[in-house]
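# Chain and residue survey
Here is how the chains run, residue by residue.
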Amino acid sequence: QTENRAGLNVCTYAEGVPDAELRKAIELNGFEERRHRHVLANLVTAYGIKLAPEPVYEKPKDPEWAFMVTGYSECIDSFFAFGLFKAAKDTGYFPPELVQTFDPVVNEEARHILFFVNWVAWHRRNMPWWRRPWFELKVFAVWLFLIYERMGIASDVSNGQQDNNFTLSGAEQLGSDIDVGELIAVCVAENDRRLKPYDNRLKRPRFVPFMARLALKFVGPKKKAA
């Protein structure tokens, strides 16, 4: 459902983009989000898990807001997913066949967030000066919304409710003794590795990696006993 909503948000925004080349790039992003949904659906089907019926997805009333919520949300979730995927691979929780299937998906998410932060910079630069204050307020509001949303998810987890956000609950499922500091360090390293192959002139997501590096000063990886 998350991937379907993301695909709808991205494709709806693309419909209103006048530049044909940019619209095509955004449509590709939306196509890949929906393809991720099919990969996940095939995965759970292979394990004999029956999915609930899909809800009716309505187009967002504010396509730009929906596109920005999706983009910034992926900047957060992908950063932690990079580390969790690496940990799952190293611990053997994911068998080689599963790693081979999902590694391209993870790489596509890296490309999505790289595209998004460069779209933000391009969009900000090319909009009329009188629109920029409103746009900056919208960016700030998106971050507040995402922080509030994730605080709600964390509250649900602490109260024993089922959580559907792998970035918060995934580490506990890996069957390893990885601590918070070690996981954050892996996320930072994997984020750098996944984005390294791309042109250095392209902007990289900065906020989440900066906060993670700041957190490492206080909760660095624990030294293992001999």
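Residues numbered from 1 in each chain as written. Predicted model: local features only at pLDDT ≥ 70, side-chain atom pairs only at ≥ 80, totals over all residues. Heavy atoms only, no water.

### As for the packing of helix H1 (residues 2-15) against helix H2 (residues 20-46)
The following threshold applies: Helix axes are fitted to C-alpha atoms over the stretch in contact, other axes to C-alpha atoms as well, and angles between N-to-C directions run from 0 to 180 degrees. A helix here means a DSSP run of H or I that spans at least four residues, while a strand means a run of E at least two residues long, and both kinds are numbered starting from the N terminus. Note on terminology: angles under 35 degrees are roughly parallel, angles over 145 are roughly antiparallel, angles of 65 to 115 are roughly perpendicular, and the others are oblique. Take the far helix as your reference; a near helix turned counterclockwise from it by less than a right angle gives a left-handed crossing, and one turned clockwise gives a right-handed crossing. Should any heavy atoms of two residues lie within 4.5 Å, those residues are considered in contact. Under the scheme applied here, ten amino acids are nonpolar (Ala, Val, Leu, Ile, Met, Phe, Trp, Tyr, Cys and Pro), four are charged (Asp, Glu, Lys and Arg), and all others, including Gly, are polar.
One way to put it is that H1 packs onto H2 with a least axis distance of 8 Å and a crossing angle of 165°. In terms of orientation, H1 lies roughly antiparallel with respect to H2. Crossing handedness for the pair H1 and H2: left-handed. On the side of H1, the interface is formed by Glu3, Asn4, Ala6, Gly7, Leu8, Val10, Cys11, Tyr13 and Ala14, while H2 contributes Arg23, Ile26, Glu27, Asn29, Gly30, Phe31, Glu33, Arg34, His36, Arg37 and Leu40. Partitioning the contact of H1 with H2 into residue classes produces 9 nonpolar, 5 polar and 6 charged.

### Let's talk about the environment of Trp143
Structurally, the position occupied by Trp143 is in helix H5 (residues 132-158). In the structure, Trp143 is positioned 70 residues away from Ser73 in sequence and 8.7 Å away in space, judged by C-alpha atoms.

### Side note on the pattern of salt bridges
To be explicit about the condition: In what follows, salt bridge is the name for a side-chain nitrogen of Lys or Arg lying within 4 Å of a carboxyl oxygen of Asp or Glu. The buried label goes to any residue with under 20% of its type's maximum accessible area, the exposed label to any with over 50%, and the partly exposed label to all in between, with areas taken from a 1.4 Å probe on protein chains only.
What the rule picks out here adds up to 16 salt bridges. A salt bridge links Lys138 to Asp62; the shortest N-O distance between them is 3.3 Å. With Lys138 in helix H5 and Asp62 in the loop between H2 and helix H3 (63-91), this pair connects stretches of sequence that are 76 residues apart. The exposure class of Lys138 is buried, given its relative accessible area of 9%. According to the relative accessible area criterion, Asp62 is partly exposed, its value standing at 34%. Residues Glu149 and Arg150 are paired through a salt bridge, measuring 2.9 Å at the closest nitrogen-oxygen approach. The structure contains a network of salt bridges with shared partners spanning Asp62, Glu64, Arg131 and Lys138.

### A short note on empty space enclosed by the protein
Any empty space left between the atoms is revealed when a probe the size of a water molecule rolls over them. Short version of the rule: With a 1 Å grid laid over protein atoms only, a set of points is called a cavity when a 1.4 Å probe fits there but cannot get out and a pocket when it is open yet has protein on both sides within 12 Å along at least five of seven lines; lining residues have an atom within 4 Å of a point. Grid points are joined across faces, edges and corners, and a volume is the space filled by probe spheres set on the points.
Inspection of the entire model under this criterion finds 1 cavity of 30 Å³ or more. Empty space within the largest cavity amounts to approximately 50 Å³. Val10, Asn29, Glu33, Phe67, Thr70, Gly71, Glu74, His112 and Phe116 are the residues that line the largest cavity. Breaking the lining of the largest cavity down by element, the ones donating at least two residues are H2, H3 and helix H4 (96-126). Here the element with the most residues in the lining of the largest cavity is H3; it accounts for 4 residues. Across the lining of the largest cavity, the residue classes tally to 3 nonpolar, 4 polar and 2 charged.

### A look at the side chain of Glu108
Assignment of secondary structure puts Glu108 in helix H4. Its relative accessible area of 12% is what places Glu108 among the buried residues. Setting aside anything within four residues of it in sequence, one finds Glu108 in contact with Glu32, Arg35 and His36.

### So, the environment of Glu74
Looking at the secondary structure, you find Glu74 in helix H3. Considered as a pair, Glu74 and Phe116 are 42 residues apart in the sequence and their alpha carbons are 9.2 Å apart. Among all residues touching Glu74, those that are not within four sequence positions of it are Glu33, Phe79, Glu109, His112 and Ile113.

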